[in-house]
Amino acid sequence: MRHSDDQNPHTRQVDEPTAVRIGHVKDHAAGVPAVAVALKRGVEQMGVARTVRTFFKLNQRNGFDCPGCAWPETPGHRKHAEFCENGAKAVAEEATTRRVTPEFFAEHSVSDLAGRSGYWLSQQGRLTHPMYLAPGDTHYRPVGWDEANALIAAELSQMTSPDEAVFYTSGRTSNEAAFVYQLFARSLGTNNMPDCSNMCHESSGTALGNAIGIGKGSVTVPDLEIADLIIVAGQNPGTNHPRMLATLEKAKRGGARIVAINPLPEAGLMRFKDPQQVGGVIGKGTSLTDDFLQIRLGGDMALFRGIARLMLDAERAAPGTVFDRQFLDEHCGGVDDYLALLDDLDFDDVLSATGLTFAQIEDLAGALMASKRTVLCWAMGWTQHRHSVATIGEGTNVLLLRGMIGKPGAGLCPVRGHSNVQGDRTMGIFEKMPESFLGALDKEFGINSPREHGYDTVQAIRAMGRGQVRVFIAMGGNFVSAAPDTELTADALRRCALTVHISTKLNESHTVTGRAALILPTLGRTDRDMTGGTKQLVSVEDSMSVVHLSRGSLPPASPELHSEVAIVADLAVAVFGDDHPVDWAQMRDDYDVIRERISRVIPGFEDFNTRVRRSDGFVLPHPPRDNRTFATTTGLANFTVEPLDWVRIPEGRLILQTLRSHDQYNTTIYGHDDRYRGIKGNRRVVMVNQDDIAAFGLRTGQHVDIISEFTGPDGPEERRVDDFEIVAYDTPRGNVAAYYPETNPLVPLGSVAKKSNTPVSKAVVVRLVPAT
Ligand SMILES: Nc1nc2c(c(=O)[nH]1)N[C@H]1C(S)=C(S)[C@@H](COP(=O)(O)OP(=O)(O)OC[C@H]3O[C@@H](n4cnc5c(=O)[nH]c(N)nc54)[C@H](O)[C@@H]3O)O[C@H]1N2
Ligand SMILES: Nc1nc2c(c(=O)[nH]1)N[C@H]1C(S)=C(S)[C@@H](COP(=O)(O)OP(=O)(O)OC[C@H]3O[C@@H](n4cnc5c(=O)[nH]c(N)nc54)[C@H](O)[C@@H]3O)O[C@H]1N2
Ligand SMILES: [Mo]
């Protein structure tokens, strides 16, 4: 169905959602349909010639880094077409030939745009001009770059404290842009740098920082390829990290056992056909996972504690056969406290928390005890719970007991989301960077970085809500849709004097504005960057700490686009004038200068400019992986010792997880189908276990409103989203699933993970009521 109410010449008509159609749930991922879908999307968005040219450059040595996910390229042998269906979709979205021009904004008022879906907004194409929404105005109007910078500078100068500014970052920003951006915020005097990571892998960073002294994963692709046991928990790689499946397949061919732990039988985990291998296209596909443990939402900490207890029992029965005693003695702290917890464990808690049988848990414990090289992978199913930090700590404990860190083929693998989210953090995008970084930054640039911690995402929303933020600047992302508690977040943004978005494409955050608003259009990964008159290169860091170059090659959507680096540097000059210790103009015109300075501030980046130009880039140091050293407060790998926790389901209620369909990139919706889950035409669905549908007196196909329940400091709170269709789905009893961001209004701002402050997006207490 096509949208027909709009005949404006500058408006792109889009497919509207239809009634929900239910097909088969796929038991395998990728293969020929995936490639066909990728090509179709490319051609729709940019025509045949540009599609071929673009996809050819994707993840190639002389090409650009895929903006899809942070999974690494295989070192040494990148394939001719190292891309996947969903990477291709991400590229097609960016390289689209559709344009959002000043004429478009003249035709659509902000309130008109606010009534459109996120899908409609992003399908309009690439932004072409800086746009300004003046206080009281109904429409954005074009504005020059100098005027835009003057407007921001004027607003910043009105602040009574630099902490009235907030600088948000999404994870696509290059290392170079991220570095100058944080330098700008700190030169101004604030550490208010919330980022998407606060909503994503923050729990991993927190847990691993405490346990092993570095918040990053400890394995490389070759490690996975030689592992004999790979556990994939709380992750849907078939949709969100499809290139990981090729690595898993290779491991599998090498004899690895692969275990999936997930409430849902996700397609890619069950079976996989690698479209880049002839056998994959015509064969039946590899049966990827040997075991599928259909765990209850939030039951993973209990599972791993149960496993550890079974290991302890086996170790006691035959001392020296299970634990890596030497590793524990030489490198670990807190072992005895942890073993005491294991002795106290009531296995009934494990069974009720996980919903698994004793035999299933015993079997996985057996696999772990037999394994010589174990890798543990996880993503949002582990990071977005109230007890996420403890859960990741518990998984880490099990690996530590077996000495599975800092040796080939073994280790921890938090699989990152955005393509450069890990690099942004390395570059200093963090509200609480350590003294070692701040001190080095100050020394290199002659500035005085503030030492007081800034706001993370949740704290920033609260501060905006209190009216304490004057200027909100976002380097990419879609803050209002990605953050929890949509209405509350929107109200918070509206209380700012000025909201500024540095964006490639139109999204909801451009329609929920402060008193005034700016949209600053920027180059994306695929675009050629000719800042300063020469071709500039940028770098990124993948999920396994490999830093490499990304070179865009497509002509930009408009001559008015500026690079992210140029936008920040020009703004800095507008704010600080020419007489500032930091030479912004020099860095703007030559990104080698930025890299040179990074190399003097951040350990591991020595000789950055030379090493990043090597064909596979370079790997950053990772002490636990490299030589089993642990830069924790104790100098040891610390066992996490936390009381057992899991998600309890209140009587008559359900636990909702919010997740991604196969046809979206976070808040950017590509289409209305979730092909692998067999749900088509419409995203307003809630997946419910067949027996729960019956038990709650509901029917498949019925429309319901979803109400979430939360007890805040002032007592019980309720939130509601309307009109979702019930789909019978293979999810554990008591657990339901629906798509993000449609269900973000249900996630309470006060419901956050302990220690990491990450919104609890995977366990929302809800009830379903017939639609009103
Ligand atoms: N195509 C595409 N690629 C993407 C993205 C995208 O939106 N589209 N987003 C990118 C980003 S930023 C990120 S962070 C990653 C996200 O990658 P994922 O983490 O795979 O994303 P989600 O869709 O949130 O899926 C969560 C998975 O965890 C499972 N799960 C939920 N709760 C639990 C639990 O308590 N225990 C266990 N064991 N499992 C659980 C869910 O059933 C689901 O399979 O993907 C990145 N790549
Ligand atoms: N309920 C619920 N909420 C969640 C999650 C969940 O699972 N459930 N997941 C969370 C996670 S893991 C994440 S990472 C966040 C994502 O939060 P964000 O990163 O804020 O959201 P995105 O949807 O990835 O941002 C998309 C926008 O980024 C802009 N953009 C794209 N490429 C570029 C670029 O190269 N440069 C610039 N400057 N802009 C660009 C475009 O304008 C696009 O509209 O959402 C979180 N929110
Ligand atoms: Mo993410």
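Preceding this paragraph is the structure being described.
It should be emphasised that the depicted structure is a prediction, and the values quoted were computed from it without experimental measurement. (Residues numbered from 1 in each chain as written. Chains lettered and ligands numbered in written order. Predicted model: local features only at pLDDT ≥ 70, side-chain atom pairs only at ≥ 80, totals over all residues. Heavy atoms only, no water.)

(A) Here's a closer look at the site of ligand 2. Around ligand 2 lies a shell of 30 residues, among which Tyr168, Ser170, Glu564, Thr667 and Tyr740 are the nearest. Within the backbone of alanine 482, one N or O atom sits 2.7 Å away from a nitrogen atom of ligand 2. When the free accessible area of ligand 2 is taken as 940 Å², the share hidden by the protein chains comes to 96%. In the shell around ligand 2, the residues fall into 9 nonpolar, 16 polar and 5 charged. (Near = heavy atom within 4 Å. Polar contact = N/O pair within 3.5 Å; in protein donor to acceptor, adjacent residues only side chain to side chain. Areas by Shrake-Rupley, 256 points an atom, 1.4 Å probe, with all protein chains shown as cover. Nonpolar A, V, L, I, M, F, W, Y, C, P; charged D, E, K, R; others polar.)

(B) A look at the packing of aromatic side chains. Inspection of the entire model under this criterion finds 19 aromatic pairs. Here phenylalanine 472 and phenylalanine 479 contribute two aromatic rings whose centre-to-centre distance is 4.9 Å and whose plane-to-plane angle is 55°, an arrangement assigned as tilted. Aromatic ring contacts, followed pair by pair, group Phe167, Tyr181, Phe184, Phe576 and Trp584 into a single cluster. Directly above the ring of tyrosine 665 sits arginine 172, whose terminal nitrogen or CZ lies 5.0 Å from the centroid. In this arrangement the basic side chain of arginine 611 is found over the ring face of phenylalanine 618, its NZ or CZ atom lying 4.2 Å from the centre. (Phe/Tyr/Trp six-rings, centres within 6.5 Å; stacked < 30°, edge-to-face > 60°. Lys NZ or Arg CZ within 6 Å of the ring centre and 35° of its normal.)

(C) Region of the structure containing the sheet that holds strand S9 (residues 257–261). Strands sit in the order S12-S9-S8-S14-S15 across an open sheet of 5 strands; the sheet is parallel. Each edge of the open sheet is held by one strand with a lone partner, namely strand S12 (291–293) and strand S15 (411–414). For this sheet the average axis-to-axis angle between neighbouring strands, irrespective of direction, equals 15°. For S9 and S12, the ladder comprises 3 bridges, and the chain directions are parallel. Considered in S12, the bridge of alanine 260 is made with phenylalanine 292. Contacts from helix H14 (residues 300–317) reach strand S8 (229–233), S9, S12 and strand S14 (374–378) within the one sheet, and its direction differs from that of S9 by about 135°. (Pairing = 2+ DSSP bridges. Helix = DSSP H or I, 4+ residues; strand = E, 2+ residues; numbered from the N terminus. Axes fitted to C-alpha atoms, helices over the stretch in contact; angles between N-to-C directions. Contact = heavy atoms within 4.5 Å.)

(D) View of the side chain of asparagine 638. Looking at the element boundaries, asparagine 638 is found in strand S22 (residues 637–638). Here the side chain of asparagine 638 touches threonine 634 through a polar contact of 2.9 Å, side chain to side chain. Setting aside residues no more than four positions away along its own chain, asparagine 638 makes contact with Asn210, Ala211, Gly333, Leu400 and Thr632.

(E) Just the pairing of strand S19 (residues 538–541), in detail. Residues Val538 and Val540 of S19 are buried on one face, and the alternating residues Ser539 and Glu541, pointing to the opposite face, are buried as well. For S19 and strand S20 (residues 546–550), the ladder comprises 4 bridges, and the chain directions are antiparallel. Paired with serine 539 across the strands is leucine 549, a residue of S20. In this antiparallel pair of consecutive strands, S19 and S20, the connection spans 4 residues, and serine 545 shows a positive phi of 65°. (Buried < 20%, exposed > 50% of the residue type's maximum accessible area, 1.4 Å probe, protein only.)

(F) Just the pairing of S8, in detail. The buried count for S8 comes to 5 of 5 residues, which makes it a mostly enclosed element. A two-sided burial pattern is seen for S8, the buried positions comprising Leu229, Ile231 and Ala233 on one face and Ile230 and Val232 on the other. Where S8 lies against S9, 5 bridges are found, and the strand directions are parallel. Considered in S9, the bridge of leucine 229 is made with arginine 257. The pairing of S8 with S14 spans 5 bridges and is parallel.

(G) Here's a closer look at the packing of H14 against helix H17 (residues 347–354). For the pair H14 and H17, interaxial distance at closest approach is 9 Å and the crossing angle is 145°. Considering how the two elements wind past one another, H14 and H17 form a crossing that is left-handed. In this structure, H14 contributes Ala302, Leu303, Gly306, Arg309 and Leu310 to the contact, and H17 contributes Phe347, Val350, Ala353 and Thr354. Of the residues belonging to the contact of H14 with H17, the class tally is 6 nonpolar, 2 polar and 1 charged. (Left-handed = near helix turned anticlockwise from the far one by under 90°.)

(H) Molecular detail of the site of ligand 1. The local shell around ligand 1 holds 31 residues, among which Asn262, Glu266, Gly298, His385 and Asn666 are the closest. Contact between ligand 1 and asparagine 666: an oxygen atom at 2.7 Å from a main-chain N or O atom of the residue. A distance of 2.9 Å separates an oxygen atom of ligand 1 from a polar atom in the side chain of lysine 762. For ligand 1, whose accessible area on its own is 920 Å², the fraction buried by protein is 99%. The set of elements that each furnish at least two residues to the shell around ligand 1 consists of helix H10 (237–240), helix H19 (380–383), strand S23 (654–659) and strand S24 (664–665). Residues belonging to the shell around ligand 1 are distributed by class as follows: 11 nonpolar, 16 polar and 4 charged. When residues of the shell around ligand 1 are assigned to domains, at least three fall in each of domain 3 (202–414) and domain 4 (654–770). (Domains from an automatic or database assignment.)

(I) Structural detail: helix H18 (residues 358–370). Along its 13 residues, H18 runs 18 Å from first to last C-alpha, staying within 8% of the 18 Å computed at 1.5 Å per residue. Turning to H18, its buried residues number three or more, namely Ile361, Leu364, Ala365, Ala367 and Leu368. Seen from one end, H18 has its buried residues packed into an arc of 155°, which puts them on one side. (Expected span 1.5 Å × (residues − 1). Arc of directions from axis to C-beta.)

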